[in-house]
Structure formats: structure tokens, C-alpha cells
Amino acid sequence: MQKRYGKIVGYGVFTPEQVVTNFDLEKQWDTSNDWIVQRSGIHERRFASADEPTHVLAAKAAESALEQAGLEATDLDLIIVGTCLTEYFTPSVACLVQAAIGANHIPAYDISAGCTGFIYSLSTAYQFIETGAFKRILVIGAENITRFLDKGDRSTAILFGDAAGAVIIEATDEPCGLHGFMLGSDGSDQDVIRMNTSSDRGNFDEGHYILFQGQRVFKFASRVLGKACNQALEHAGLTLDDVDWIIPHQANVRIIQSAARDMGISIDRFMINIDKYGNTSSASIPLALYEGLESGKIKPTDTVMMVAFGAGLTWGAAVLQLAPKPAEAALEPKTEIAVPAD
Ligand SMILES: CC(C)(COP(=O)(O)OP(=O)(O)OC[C@H]1O[C@@H](n2cnc3c(N)ncnc32)[C@H](O)[C@@H]1OP(=O)(O)O)[C@@H](O)C(=O)NCCC(=O)NCCS
């Protein structure tokens, strides 16, 4: 069977309208714009409204990706959503998206891997493309996380924002797509980032908040980012020189700076937009990819390295060429060199 590849034919995002700046937070908590900027790199984030649960954010990002691709929802074969803090234990966000966008009765499911959810979902999607099982897959990272913030805990509440991002991967015979990836987990560190369950949807009692040990996450993340990139590159048989952009999970700009130092490369090679959106968990990578592509920094045929870490603990990296390069222009025939006659 001919080898199959996957190209990204559409990408889209949805970010809620309400912008919450550090100055807004100063009015509510014992914090300051200076502290937040210096410790995290965040200037503002978006808060979803009460009528924007996770599946609504996800469906809006999906519609934006479909529009950008010039496709209908009925063109899709599979929906995978990376998400971890949803309104329902069941049904999945993916099933709610299937109904909201009017897709056929195709398979749809969520992957819960903390903030690594998008990379877990994307890597899974490419396996289905490469085996020939599915031709067009919608992959979403979506999180409505700010409902789960303990507004009394200034060290967690300042970090997060709500968003969703989506890509559509389509099968092609032209070489491109996932060159290599790695996924990891270590459940023995389950308490480092955690949210306990609530039996009463939407009514979160004390303790039903995101809890994390910031410095432990910080150290783990700084260590694992470079390591995950190296393992994905090794799997791909590539080096960092083959990568145009690194798109990291946006948890803290200092974690990205530390990873850049660790990898011995300039911070300028990383797509960073945490200043505008904060930590949007599974949505942060597709959101940064979208911004990179829209601004023209990332070219549609670039090779990018996506890398993330999150609750579980989980981590992962994927190195992929977004789409095939256009065929090389046919080489001009060599001009004959006229040999002067004697
Ligand atoms: C959360 C995080 C920004 C805190 O930064 P930090 O440099 O580790 O800061 P610390 O927690 O050591 O706190 C330093 C001081 O600032 C104070 N502080 C904490 N939050 C504050 C805030 N929002 N405003 C002002 N001061 C704050 C602390 O109380 C502490 O004061 P003290 O020295 O008097 O005890 C950082 O650890 C981090 O980004 N961690 C990883 C993020 C993460 O876990 N993400 C979730 C999973 S992806």
C-alpha cells in the first residue's frame, strides 16, 4: 500500500470576548501587574461567559477551521478533542461538537491528558491518517478552565484563560505530516497538578478547584520540554536545524526561556503568545499555531515542533511538516557553453 501522509488543510480558534487584564485582577486580589508579568509573562487572558461551556468554545473553533479549509462538517471522518475539565463526565465534548457542527454520525471522542491533550490527540489522529483508516480528521484543543479557579488563591488564579483551537488533517500521497513524536506519563506525580471531582455539575464546592504545586511544575516542565523535543527529533531522524518553529505549551514564559537555554537555542525560535491569553491548557498550542500562521511568521509548509506538559503528569512532543512543499520548479536545461572556434 502506498504510504499515506497528513497535511493540515484548515485551522481555527475561538477566544471569548471578555478580556481580563492584570490591572483588572489587581482590583480583586492581593496581586500586581508587575508581579504577574515578571513571574509568568502574562498581561491579559480571556474569560468565557456562562453560556460558553467547553463544547461551545470547541464547536466555534471547529467551525472557524472548517471555514478556513473551505470544507463542510459532513466532509469529516473523525473528531478528537483534547480537553480535561469538561462540564460532563459523559457525553464527551467531541460528541457535543459533532452535533453542534452538523457532522455525520462519525466517531468522536475526547482525550484527557492535562495540558498535553492536544499533542496526544494530534499524534493519535496522524496514526489513523497514516494507516488509511480515515481521510479527514478534526482535532481540537479546548478548555473552559477559569470556572475551576479558586479565586482566593492568587498564585493559581492569575495564570489561566479560556480558549479553543482546531486543525483539520487530510490524507495526501505527498510527503509531509508527522515525522516523529513522543508521549510520556508519570502517575506517581499525580498530586502535582490536580482537580478533584464534584458530584454537582456547575456547583463547585471547596476543593473542586485546580490545585498545583507551582514550583514543582516549573522544575518538571523546564526539564522535560527539551528532553521531549530531543526524543521526538530522534524518532524522526531529524535535528533542531530541520525545525522552523517550536510551539510550546504556554504555561509560563520563564519555563519557555529555561527550555530554550537548556536546548541551547534562541528564544526567538519559539512561538509565544502567553502575554495575550495566559495558560489555556489544551488550547494553547493550536492557538499559538493559529497566531503564527495568521501573522505569516509560520509558513503553511513549515516544519514545527509542538511540545507540552501537564497534569498526570503527562508530556509529549510532535515534529511535523504542516503541508507538502510545492513541487520544485522544473530545472531549466543547462545552457550550452559556446566553445570559440579556432
Ligand atoms: C505559579 C508561579 C507563577 C509562581 O511563581 P514562583 O516564582 O514559583 O512564585 P512562588 O510560588 O515561589 O511565590 C513567591 C512569592 O510570591 C507570592 N505570590 C504568589 N502569587 C502571587 C500573586 N499572584 N501576586 C503577588 N504575589 C504572589 C507568594 O505568596 C510568595 O510570597 P512569599 O515569598 O512572601 O512567600 C510559577 O511557579 C509557575 O508558573 N509554575 C508553573 C505553572 C503551573 O503550574 N501551571 C499549571 C500546569 S500547566
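The rules behind the values
Residues numbered from 1 in each chain as written. Predicted model: local features only at pLDDT ≥ 70, side-chain atom pairs only at ≥ 80, totals over all residues. Heavy atoms only, no water. Helix = DSSP H or I, 4+ residues; strand = E, 2+ residues; numbered from the N terminus. Rg over C-alpha atoms; globule rule 2.2 N^0.38 Å. Buried < 20%, exposed > 50% of the residue type's maximum accessible area, 1.4 Å probe, protein only. Contact = heavy atoms within 4.5 Å. Areas by Shrake-Rupley, 256 points an atom, 1.4 Å probe, with all protein chains shown as cover. Lys, Arg positive; Asp, Glu negative; His and termini not counted. Charge placed at Lys NZ, Arg CZ, Asp CG, Glu CD. Near = heavy atom within 4 Å. Polar contact = N/O pair within 3.5 Å; in protein donor to acceptor, adjacent residues only side chain to side chain. Nonpolar A, V, L, I, M, F, W, Y, C, P; charged D, E, K, R; others polar. Pairing = 2+ DSSP bridges. Axes fitted to C-alpha atoms, helices over the stretch in contact; angles between N-to-C directions. Parallel < 35°, antiparallel > 145°, perpendicular 65-115°, else oblique. Left-handed = near helix turned anticlockwise from the far one by under 90°. Salt bridge = Lys/Arg side-chain N within 4 Å of Asp/Glu carboxyl O. Core = buried A, V, L, I, M, F, W, Y, C linked by side-chain atoms within 4.5 Å.

Draft legend 1. Main features of the overall build of the protein chain. Per the secondary structure count, the protein chain includes ten helices and 13 strands. For 342 residues, the compact-globule estimate of 2.2 N^0.38 gives 20 Å, and the protein chain sits close to it at 21 Å. With the C-alpha coordinates aligned to their principal axes, the bounding extent of the protein chain is approximately 95 × 45 × 40 Å. A buried classification covers 54% of the 342 residues belonging to the protein chain. Counted over contacts in the protein chain with a minimum sequence separation of 6, partners at least 24 positions apart contribute 76%. About 15700 Å² of surface is accessible on the protein chain, with carbon and sulfur atoms providing 49% of the total. Here the protein chain holds 27 positive side-chain charges and 43 negative ones, and the gap between their average locations is 4 Å.

Draft legend 2. Up close: the environment of S258. Residue placement: S258 occurs in helix α8 (residues 253-263). Residue class for S258 comes out buried when judged on its relative accessible area of 17%. Between the C-alpha atoms of S258 and D30, which are 228 residues apart in sequence, the distance is 27 Å.

Draft legend 3. Region of the structure containing the site of the ligand. In the vicinity of the ligand, 21 residues are found, and the nearest of them are T31, R39, R154, Q215 and N252. The separation between a nitrogen atom of the ligand and a polar main-chain atom of G214 is 3.0 Å. Between the ligand and Q215 there is a distance of 2.5 Å, counted from an oxygen atom to a side-chain nitrogen or oxygen. A total of 970 Å² of accessible area belongs to the ligand in isolation, and the protein chains cover 74% of it. Looking at the shell around the ligand, the elements with two or more residues in it are α2 (33-40), α6 (154-157) and α7 (214-236). Ranked by residue count, the leading element in the shell around the ligand is α7, at four residues. Of the residues belonging to the shell around the ligand, the class tally is ten nonpolar, seven polar and four charged.

Draft legend 4. View of the environment of G165. Here G165 shows up in strand β7 (residues 163-172). C-alpha of G165 to C-alpha of L57: the two residues are 108 residues apart in sequence and 8.6 Å apart in space. Beyond its immediate chain neighbours, meaning those up to four positions away, G165 contacts G12, V13, A61, V139, I140, G141, A283 and P286.

Draft legend 5. Representation of the sheet that holds strand β1 (residues 5-14). Strand order in the open sheet formed by five strands is β1-β7-β6-β4-β5, and the pairing between neighbours is mixed. With one partner strand each, in any of the chains shown, β1 and β5 (108-111) form the two edges of the open sheet. Going from strand to strand, the sheet's axes swing by 20 degrees on average, the running direction of each strand aside. Two elements, β1 and β7, share nine bridges in a ladder whose sense is antiparallel. Bridged to K7 within β7 is E170. Here helix α4 (residues 93-101) sits on the sheet and contacts β4 (78-82), β5 and β6 (136-143); the angle it forms with β5, its principal contact strand, is near 140 degrees. The sheet strands contacting helix α10 (residues 284-295) are β1, β6 and β7, and the helix crosses β1 at an angle near 95 degrees.

Draft legend 6. Local environment of the packing of α7 against α8. Remark: α7 packs on α8, axes separated minimally by 9 Å, with the N-to-C direction vectors making an angle of 45 degrees. Overall, the two elements α7 and α8 adopt an arrangement that is oblique. In the crossing of α7 with α8, the sense of the turn from one axis to the other is right-handed. Here α7 contributes F218, A221, S222, R223, L225, G226 and C229 to the contact with α8, which in turn contributes R254, I255, S258, A259, D262 and M263. In the contact of α7 with α8, the residues fall into seven nonpolar, three polar and three charged.

Draft legend 7. Seen up close, the pattern of salt bridges. Under the defined criterion, the tally for this structure stands at seven salt bridges. Here E170 and R136 are joined by a salt bridge, their closest N and O atoms 2.6 Å apart. Of this pair, E170 sits in strand β7 while R136 sits in strand β6, and the two are 34 residues apart along the sequence. Its relative accessible area of 18% is what places E170 among the buried residues. A salt bridge links E291 to K276; its shortest N-O distance comes to 3.1 Å. Here K276 lies in helix α9 (residues 274-277) and E291 lies in helix α10, a separation of 15 residues in the sequence. Look at E291 and you get buried, because its relative accessible area is 18%. For K276, a relative accessible area of 33% gives the class partly exposed.

Draft legend 8. Representation of the nonpolar core. Of all hydrophobic cores here, the largest spans 34 residues; its most connected members are L122, V167, I169, I247, I298, M306 and L320. Sorting elements by how many residues they give to this core places helix α5 (residues 117-131) first, with seven residues. Once you skip the residues sitting within four places of it in the chain, I169 turns out to touch G6, K7, I8, L122, A125, Y126, I129, K135, R136, I137 and V139.

Draft legend 9. Quick peek at the packing of helix α3 (residues 54-69) against α4. Two numbers describe how α3 lies on α4: the axes approach to 9 Å, and their chain directions differ by 50 degrees. The angle between α3 and α4 places the two elements in the oblique class. Classified by chirality, the crossing of α4 by α3 is right-handed. Contacts from T54, H55, A58, A59, A62, E63 and L66 of α3 reach α4 at V93, L96, V97, A100 and I101. Its residues placed into classes, the contact of α3 with α4 shows nine nonpolar, two polar and one charged.

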